[in-house]
Structure formats: structure tokens, C-alpha cells
Amino acid sequence: MSIRVGVIGAGIMGMDHITNLATAISGADVSFVADIDGARAAEAAQQVGARSTTDPSALINSSEVDAVVIASHDSTHAELIFACLQASKPVLCEKPLAPTVDECRRIVAADEETVAATGRSLLSLGFMRRFDPGYQELLRFTGSGGAGAPLMVHCVSRNVASGPNTTTATAITNSAIHELDIIPWLLGSPIVEVAWHAGRRSASAPDGLHDPALMLLRTADGILTTLELFLNAQYGYSTLCEVVSERGTASLAEPALLSTNESLRQSTRYPEDWRPRFADAYRIELQAWIRSLLDQTASPLATARDGLHAAQVAQALIAASGDTHNAFTKVDYS
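A brief structural summary. (Residues numbered from 1 in each chain as written. Predicted model: local features only at pLDDT ≥ 70, side-chain atom pairs only at ≥ 80, totals over all residues. Heavy atoms only, no water.)

This part is about the side chain of Ser 292. Positionally, Ser 292 belongs in helix α10 (residues 279-295). On the basis of relative accessible area, Ser 292 is assigned to the buried category, the value being 4%. A polar contact is formed between the side chain of Ser 292 and the backbone oxygen of Trp 289, at a distance of 2.6 Å. (Helix = DSSP H or I, 4+ residues; strand = E, 2+ residues; numbered from the N terminus. Buried < 20%, exposed > 50% of the residue type's maximum accessible area, 1.4 Å probe, protein only. Polar contact = N/O pair within 3.5 Å; in protein donor to acceptor, adjacent residues only side chain to side chain.)

Structure follows, in C-alpha cells:
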């Protein structure tokens, strides 16, 4: 048996999903591709022997599609998720769940109605870092208690250049959102307070984006996380995370930083985007999703409520970014 998957969005992320589903994921075939750019949709579909369209509703309601992956622009997520739920099609939506808290609340309500009616959720959310082997190791480290209780976490997220029309707000909802999900997952405690700080602004940052920025996240159990977000670092893509515990630390490994060989350190090239770093995570996540559909078991991916919580923390950070006093801002989970 094979799950016939329709992919909405044939850009960078969508094309990666299409390639993975067609070549690296067992039990899956790509049957339909939709994109606002008809030529791009047709080219992507041709590569995997699928149909193409510019109309996502035609894909969602097609009898040739068993499940849907949404990899289109953030602003389209809510509408497309509702259409998938209406059509009773399992859907994996790329993060974020939606750009605003209100949209996320509506999605959670619709998902819970589906659960009440059918006994299972149809919605999975693509926070792929949960499936990354490095983050899985950090989770085992924090859960084992071998180094004592975790006390602090340090995160760094850097990109070569910010995307088109990136603002301070969208940097939070689209980039920092990964840490807003992974920190509660890693520590087993929700983020309850946040603060946003910024100093000198990079000359490479576009208007409307204060870059870099430093964010502070405090979980309910008192653990403080620092997050440096630098979208115009220019040298390459880099994601770091270190958990500081009472009797030891653990961190994601980067060969260039860990090597004692100076020539290796100087010659190591950082990737230009996130895909090489998290290639394994995307494949593992997709395979886990397809396996849950084949076995008709609960999806092991992030849930709609996880997406809502990340959006609520993001909203608090956006509010904090306009606070000239840089005080902690409480997260509203109402």
C-alpha cells in the first residue's frame, strides 16, 4: 500500500518535500502538485510523474490524493488547513501553523471538532527539529538527569541573508518560531515570560528588520534560554544549542567549531541555507508521518495546539520588541 500525497507549494521547501517523498520515503508517492506559478508546478510534477495545478482546492479534493503537504506561503496555511479538514484529508502543514494567534485558535478549534467527530486528528505540524538526531540527543541528555537539572539554554540561529520583506515581527513568526517550539519540547515546560533586546543594527539588515536580536525565554520551571537571531550573518547557515546543567553541558556539534585543526576550522564551509543541516530531520519526520497514516496510528509530529502555543509566545515577543524598557513580557495563553 502507498499513500498518494499532494504537495501544495513547489518552492524551495515544497520541492524538497516532493523529492523526499518520491525518492526517500517508503510507502509514499507524489500524485499531485499545486503552485500559484503554473510553470513551476508543472516542472515539479513532471519530475515525479504527478499531475499539476494552480488551484490547491483541486488538489485537496482530488480522488487521487490521500494526504496533503502544505508548503506554501505562511499566509495561506489557515485557509488550506480548513479545506483539508473539510475534505477529511490528513495534512502535514509546514511551520508556522499560521501567522496570527487568532488564526491558530480557529485551526485548533476545527481540529478538535474533527477529533470529537472521528476520534483522531488529521493535522500534523512540521516542526522538524523534533526529529533531528542532534536535538534528540539533547532531549535524552536533559531527560536522563545524569548531569543534574538543566539550568540554562543558549541558542544561536544565523542565516546568510533575510528573505524578501522580512521584518522584526516576521523574523520572530517565521525564524525564531523554531526555538519557540523546541525549547518547551526540550525542557518539558512551557515558556511563560519573554524579553527582546537589540543593540547595534547590521548594515545588511533591510528596513523594518532589527538584526541581530537577542531574545530571552523563561519557562515555567525557571530555566532561562537565550536566543541570538541573526538573519544577515552572510557567512552561512548555523544553528547552535547548548544545555547547561548543574554538573555538565551538552550541545549540538559543529565540526568547524569543535576541531583543533586550525586549517580545517578556516576551510570549513557553512551551508547557504538550512536544508543540508536538517536534511535528516525532514526525511525522518516525513517517514514518521507516512508510517502513522499507513498504520492508522496517531501522528508523532507536533500538533495544532503546539503551533498555537508557539504563536502565542511569538506574539509576546513581538510586543516585547516594541517595549523600549526591554522588561519581561508575560505570555498570554488564554
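Moving on, we come to the nonpolar core. For soluble globular proteins, the rule of thumb is that nonpolar side chains tend to be buried together. Within the largest apolar cluster, 74 residues are counted, with the highest numbers of intra-cluster contacts made by Val 68, Leu 180 and Met 215. Per element, the largest residue contribution to this core is ten residues, and it comes from helix α7 (residues 168-187). When near neighbours in sequence (up to four residues on either side) are disregarded, Val 68 contacts Gly 6, Ile 8, Leu 59, Ile 60, Cys 84, Lys 89, Pro 90, Val 91, Leu 92 and Trp 289. Val 5, Leu 21, Ala 67 and Leu 293 belong to the second largest nonpolar core, which has 26 residues in total. (Core = buried A, V, L, I, M, F, W, Y, C linked by side-chain atoms within 4.5 Å. Contact = heavy atoms within 4.5 Å.)

All right, on to the packing of aromatic side chains then. Evaluated as defined, the whole model comprises one aromatic pair. Here the aromatic rings of Tyr 237 and Phe 278 are separated by 6.5 Å at their centres, their planes lie at 80°, and the arrangement is edge-to-face. Of the two residues, Tyr 237 is situated in the loop between β10 (224-230) and β11 (238-245) and Phe 278 in the loop between α9 (262-267) and α10; the sequence distance between them amounts to 41 residues. Classification of Tyr 237 as buried rests on a relative accessible area of 6%. Over the aromatic face of Phe 278 sits the side chain of Arg 277, whose NZ or CZ is 4.4 Å from the ring centroid. (Phe/Tyr/Trp six-rings, centres within 6.5 Å; stacked < 30°, edge-to-face > 60°. Lys NZ or Arg CZ within 6 Å of the ring centre and 35° of its normal.)

This part covers the sheet that holds β10. An order of β12-β11-β7-β10-β9-β8-β13 is seen for the seven strands of this open sheet, with the pairing classed as mixed. Each having just a single partner strand, β12 (248-251) and β13 (329-330) make up the two edges of the open sheet. Bridge count for strand β8 (residues 191-197) against strand β9 (residues 213-219) is six bridges, and the pairing is antiparallel. Residue Glu 193 lies in a different strand from β9, and its bridge partner there is Arg 218. (Pairing = 2+ DSSP bridges.)

The α-helix advances 3.6 residues per turn, and as a result positions three or four apart in sequence lie on the same side. Residues of helix α2 (residues 38-48) that are buried: Ala 41, Ala 44 and Ala 45. Angular distribution of buried residues about the axis of α2 spans 95°; they occupy a single face of the element. Every exposed residue of α2 that faces more than 90 degrees away from the buried side is listed here: Ala 39, Glu 43, Gln 46 and Gln 47. Packing partners of the buried residues in α2 comprise α1 (12-23), β2 (28-34) and β3 (51-53). Positive phi shows up at Gly 49, right after α2, with a value of about 70°. (Arc of directions from axis to C-beta.)

This part covers the sheet that holds strand β1 (residues 3-8). One open sheet holds the six strands; their spatial order is β3-β2-β1-β4-β5-β6, and the pairing between them is parallel. At either margin of the open sheet sits one strand with a lone partner, and together these are β3 and β6 (123-126). Mean inter-strand twist for the sheet, computed between neighbouring axes without regard to direction, equals 25°. Two strands pair when backbone bridges link them, and strand β4 (residues 67-70) and strand β5 (residues 91-94) are joined in this way by three bridges, in the parallel orientation. In the strand pairing of β5, Val 69 is matched with Leu 92. (Axes fitted to C-alpha atoms, helices over the stretch in contact; angles between N-to-C directions.)

Every buried residue of helix α4 (residues 77-86) is listed here: His 77, Ala 78, Leu 80, Ile 81, Cys 84 and Leu 85. Taken down its axis, α4 places every buried residue within 165° of arc, on the same side. Across from the buried face of α4, at angles greater than 90 degrees, the exposed residues are Glu 79 and Gln 86. Here the buried face of α4 lies against β1, α3 (56-60), β4, β5, α5 (101-118) and β6.

Let us look at the packing of helix α6 (residues 133-144) against α7. The contact between α6 and α7 brings their axes to 9 Å, and the two run at 35°. Taken together, the residues of α7 that come into contact with α6 (itself represented by Tyr 135, Gln 136, Leu 138, Leu 139 and Thr 142) are Ile 182, Trp 185 and Leu 186.

A separate point is the packing of α7 against helix α11 (residues 304-321). With their axes 9 Å apart at the nearest point, α7 and α11 run at an angle of 135° to one another. Classified by the angle between their axes, α7 and α11 sit oblique to one another. Helix-helix and strand crossings are classified by hand; for α7 and α11 the assignment is right-handed. Every residue of α11 that contacts α7 at Thr 168, Ala 169, Ile 172, Thr 173, Ile 177, Leu 180 and Asp 181 is listed here: Asp 306, Ala 310, Ala 311, Val 313, Ala 314, Leu 317, Ile 318 and Ser 321. Residue composition of the contact of α7 with α11, grouped by class: ten nonpolar, three polar and two charged. (Parallel < 35°, antiparallel > 145°, perpendicular 65-115°, else oblique. Left-handed = near helix turned anticlockwise from the far one by under 90°. Nonpolar A, V, L, I, M, F, W, Y, C, P; charged D, E, K, R; others polar.)

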